[in-house]
Each structure stands twice: as structure tokens, then as C-alpha cells.
Amino acid sequence: MRSRVWWGTTAAVLGGLLVAGCGDGGGGGKAGPADEKSATGDYPVTVTDCMGAKTTFSNAPEKIVTSNASSLELLLRLGAGDNVIGTGFPPGKGSLPAELDAQARKVKVLGQSVIPKEKLLGSGADLYIDTFASMNMGGGMGDAPTEEEFKAAGIKHIYLKSTACAARNTRAVTDLSAVEADITSLGAVTGTSAKAKALVDGMKGKVDAVRKAVGRRAEGERPTYFFFDYDAGTKQPTVVCNRQVANAVITLAGARNVFADCDGDYQQVGWEDVISRNPDWIQLGVRNRGSEVANEKAFGEARRWLESNPATKGLKAVKEGHFLRIGSERITIAGVENADTVQEIAKALYPGKAG
């Protein structure tokens, strides 16, 4: 099997990280002294990337550019949206909750995919929040700016831990602590630590409620779960492995990712691999189309493909109609809604117990 990264309205990526090193792979890495100070929300605030390089803020950034909808959404939720002057990979219309969607529409789109290098460097930003390992992977616009070029343009350059370091983790990701660390760190950098704490506390509360409802089930007692990335193509399925945040969401919901034994974030497999694992449940993973009608149409197409394809129509989940209609972004892209997705999956798998 070979590693794969997909790009779309939002992206799952490799690269650096925001705060506290790469951790232990399970999301439980320890912060260094500088990062512990930053958690208070006081300035100066220092964050580190995967390699330990430090970036220090003496005050809150005023002109922020985000690489994609993932970091944009986090800033909107933190109440720092007025400071965002541009983004790449803009969120699809209607893909964010109503109260955030209108704000997102006001943000200038610097690139429908990866922001071109010269446009990014000339944006006037004082901070670029990056979820990409290498910008030439997604946009076909040449090399990414060097750290020297960012510095010359007056732009501080930081990364999101929960997405950018997925492939660097040394063991399976089974909790949302890396996502929570990103939220806490962005809160410290933007001076919105109180809001960040509220968001993190809300996520923990939802996950704890699921844990209490479904219990700490042994691996063999958990229903098996397959994330069917319909938009990645059906000829050769792309699966989420144990380093991807989706593995944590599935695990916390009381299920077992059927491809939790593959190390990395994404891999391509053969349909024979899916058949051999015969999942109990299948999530119809489609990316947001911009409206509920369009989304439902895409979910229906994904289900019909599984039901009509000779290679998949005999799967247990297909025969029993065990499908979940949950958008790809909510499980594969780090964010506040990961906790909501934990609840939604658990409610479907354990009716009467969770939710």
C-alpha cells in the first residue's frame, strides 16, 4: 500500500505543528516550558514546530492568513475572525454552521486551493497559519516560501499540530488531545484563551458523556467501522489509518477502525482488503457540496455504489443497511466538530445508550 494525501475544500496534511512538539502519537505529548507559559494567554507567547523551532508573539496578530478552511473555522469559533484577511481552500457555502458561515463569506479568498507564493508573501499578513507540509503538493504554483522569505515579508509562520504532524506520530492517535492543544494554542496566540478553554471543555464534556454511556469496551467487543472516502475515488479505496484524527473519533465513539493496523494517516488499499475485514458499519464519506440537497444526493450515490458493486454488495454493513451519512470534513479534519461526530457515531452504533 502507498501513502496518499487528498486535497479539497479542506485538506488532511503533513508538516509542522503548533505547540508542544509532536507528542507521543496518542495526543498526549508534554508541552515544553515555553509552551506551558503560552497556555495562560499572556504575552509573550511562544510556540514550537515539529522540529522544535520556536516562534514568539509579543502581542496578538492583527492580520492573519489561513491556509484552508480548517484553521479559518477555528479562528472564527475563537472570535478572532475579524483579524483574518485571507484564506486558501475556502469553505464551501453552507459547510460551516450558520453563525460562522456568514463571517467566512467575508474573508478574502487568496486561492481556491493553495495560495500562490507571491500572493501569500504580498498579502500584508503578520501571521500565516499553515496546515500544509509543502504547498507545491496541492496548488501547482511552485515552491513554498522559505522561512527566510516569510521573515523578510514580516509574516510569522506556524502550523496546526493535529493535522500537520499526523504522519510523524509514533503510535496510534486515539484521543482528541492534539486537536484540543491546537485550540488552546491558537487561543493563546490570538488572545482568546478564555474562549479556547470553553471550546475545549465543551469537547471534553461530549466525549466523556459518550465514554460513560457506552463504557470502555474491549477491542474485540467493538463494532468494526469503515470510512468510505467516496470522493477519493472508487477504483482503489483510500482508507484512514491509525495516525489520522478519524481514528481517534472512531475509537472514542466505541467503534474499531478496520484499518487501524496501518501506520500513517492515509493509505490506498484494494477492495479485497475491505472485503476481508467485512465491516459492521460504513460511513459514507463525502465532502460538503454546499447544500443539504446536494449532500444528500452525494450520500445516496455513495450508498448505491456500494450496493450495486459486485465487490462490495455482499459486505455485512451493506446487506444490513448500516450506513452513516456524516461528511468527510467532520471526521478527517481536526476541529470542534470532531467531538460532535463522536456523539453522532456512538448514537448510531449504540441506540438507546449514547444520546
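All values reported here derive from a predicted model rather than from experimental measurement.

Undergrad: Help me out: how do you make sense of the overall build of the chain in this one?
TA: When you go through the chain residue by residue, the secondary structure sums to 14 helices and 13 strands. Relative to its 355 residues, the chain shows a buried fraction of 55%. A separation of at least 24 residues holds for 70% of the contacts in the chain among residues at least 6 apart in sequence. Just so you have it, the chain exposes about 14,500 Å², and 48% of that area is on carbon and sulfur atoms.

Undergrad: Which parts of the structure should I look at to understand the pattern of salt bridges?
TA: Where charged atoms from two side chains of opposite charge come close, those side chains can pair. Following the criterion strictly, the structure yields 16 salt bridges and no others. Across the salt bridge formed by arginine 77 and glutamate 73, the nearest N and O atoms sit 2.9 Å from each other. One end of the pair is arginine 77 and the other is glutamate 73, both in helix H2 (residues 69-78) and 4 residues apart, which spans about a single turn. Of the two residues, arginine 77 and glutamate 73, neither departs from the other in class, the shared state being buried. Between arginine 211 and aspartate 208 there is a salt bridge, with its nearest N and O atoms 2.8 Å apart. Residue arginine 211 and its partner aspartate 208 are located together in helix H8 (residues 193-214), separated by 3 residues, close to a single helical turn. Judged by its relative accessible area of 34%, aspartate 208 is partly exposed.

Undergrad: When you look at the environment of alanine 218 in this model, what are you seeing that I'm missing?
TA: Residue position: alanine 218 is located in the loop between H8 and strand E8 (224-229). Placed 36 residues apart in sequence, alanine 218 and glycine 254 show a C-alpha to C-alpha distance of 9.3 Å.

Undergrad: I would appreciate a short explanation of the pairing of strand E6 (residues 127-130) in the present structure.
TA: Sheet faces and side chains relate simply in a regular strand, where the side chains alternate between the two faces. Side-chain alternation along E6 places Leu127 and Ile129 on one buried face and Tyr128 and Asp130 on a second face that is also buried. Both strand E3 (residues 64-66) and E6 contribute to a ladder of 3 bridges, which runs parallel. Bridge assignment links threonine 66 to a residue of E6, and that residue is isoleucine 129. Of the pairings in the sheet, the one linking E6 to strand E7 (residues 156-159) comprises 4 bridges and is parallel in character. Pairing of tyrosine 128 across the sheet is with histidine 157, part of E7.

Undergrad: It is not clear to me how the pairing of strand E1 (residues 45-48) should be interpreted in this structure. Could you clarify?
TA: Both faces of E1 are covered, namely the face carrying Val45 and Val47 and the face carrying Thr46 and Thr48. Judged from the 4 bridges that link them, E1 and strand E2 (residues 54-57) form a sheet pairing that is antiparallel. Across the sheet, residue threonine 48 finds its bridge partner in E2, namely lysine 54. Once E1 ends, the chain turns through 5 residues before running back antiparallel as E2, passing glycine 52 with a positive phi of about 90°.

Undergrad: Please explain the packing of H2 against helix H3 (residues 98-105) as it appears in this structure.
TA: Between two packed helices, the angle of one axis relative to the other and the distance separating the axes together describe the packing. Look at H2 against H3: their axes get within 10 Å of each other, and the N-to-C directions meet at 115°. Taken together, the axis directions place H2 and H3 in an arrangement best described as roughly perpendicular. Note on packing geometry: the crossing formed by H2 with H3 is right-handed. Taken together, the residues of H3 that come into contact with H2 (itself represented by Leu72, Glu73, Leu76 and Arg77) are Leu100, Gln103 and Ala104. Its residues assigned to classes, the contact of H2 with H3 shows 4 nonpolar, 1 polar and 2 charged.

Undergrad: Looking at this model, I keep getting lost on the sheet that holds E7. Mind explaining?
TA: Strands pair in a sheet through their backbones, by hydrogen bonds, and they do so in one of two ways: parallel or antiparallel. Reading across from one edge, E5-E4-E3-E6-E7 is the order of the 5 strands in this open sheet, with parallel pairing throughout. Edge positions in the sheet fall to strand E5 (109-111) and E7, since each of these pairs with one other strand and no more. In this sheet, adjacent strand axes meet at a mean angle of 25° when their direction is disregarded.

Undergrad: Looking at this model, I keep getting lost on the nonpolar core. Mind explaining?
TA: Within soluble globular proteins, side chains that are nonpolar generally end up buried alongside one another. Counting residues in each nonpolar core, the largest one holds 58 residues, and the members touching the most others are Ile129, Leu176, Ile183, Tyr225, Ile345 and Leu349. Per-element tally for this core: the top contributor is H8, with 7 residues. Of all hydrophobic cores here, the second largest spans 23 residues; its members include Phe226, Phe228, Val258 and Val269.

Undergrad: In this structure, what is going on with H8? I would like to understand it.
TA: Helical periodicity: at 3.6 residues per turn, an α-helix aligns residues three or four positions apart in one direction. With 22 residues, H8 should cover 32 Å at 1.5 Å per step; its first-to-last C-alpha distance of 32 Å lies within 8% of that length. Ser193, Ala196, Leu199, Val200, Met203, Val207, Val210 and Val214 are the residues of H8 that are buried. Viewed along the axis of H8, the buried residues span an arc of 130°, placing them on a single side of the element. Those residues of H8 that are exposed and angled more than 90 degrees off the buried face are Ala194, Lys197 and Lys212. Lining the buried residues of H8 we find H2, helix H7 (177-190), helix H9 (245-252) and helix H14 (337-349). One or two residues past the end of H8 sits glycine 215, with phi positive at roughly 75°.

Reading guide: rules and limits
- Residues numbered from 1 in each chain as written.
- Predicted model: local features only at pLDDT ≥ 70, side-chain atom pairs only at ≥ 80, totals over all residues.
- Heavy atoms only, no water.
- Helix = DSSP H or I, 4+ residues; strand = E, 2+ residues; numbered from the N terminus.
- Buried < 20%, exposed > 50% of the residue type's maximum accessible area, 1.4 Å probe, protein only.
- Contact = heavy atoms within 4.5 Å.
- Areas by Shrake-Rupley, 256 points an atom, 1.4 Å probe, with all protein chains shown as cover.
- Salt bridge = Lys/Arg side-chain N within 4 Å of Asp/Glu carboxyl O.
- Pairing = 2+ DSSP bridges.
- Axes fitted to C-alpha atoms, helices over the stretch in contact; angles between N-to-C directions.
- Parallel < 35°, antiparallel > 145°, perpendicular 65-115°, else oblique.
- Left-handed = near helix turned anticlockwise from the far one by under 90°.
- Nonpolar A, V, L, I, M, F, W, Y, C, P; charged D, E, K, R; others polar.
- Core = buried A, V, L, I, M, F, W, Y, C linked by side-chain atoms within 4.5 Å.
- Expected span 1.5 Å × (residues − 1).
- Arc of directions from axis to C-beta.

By themselves, these are just geometric observations and shouldn't be taken as functional.
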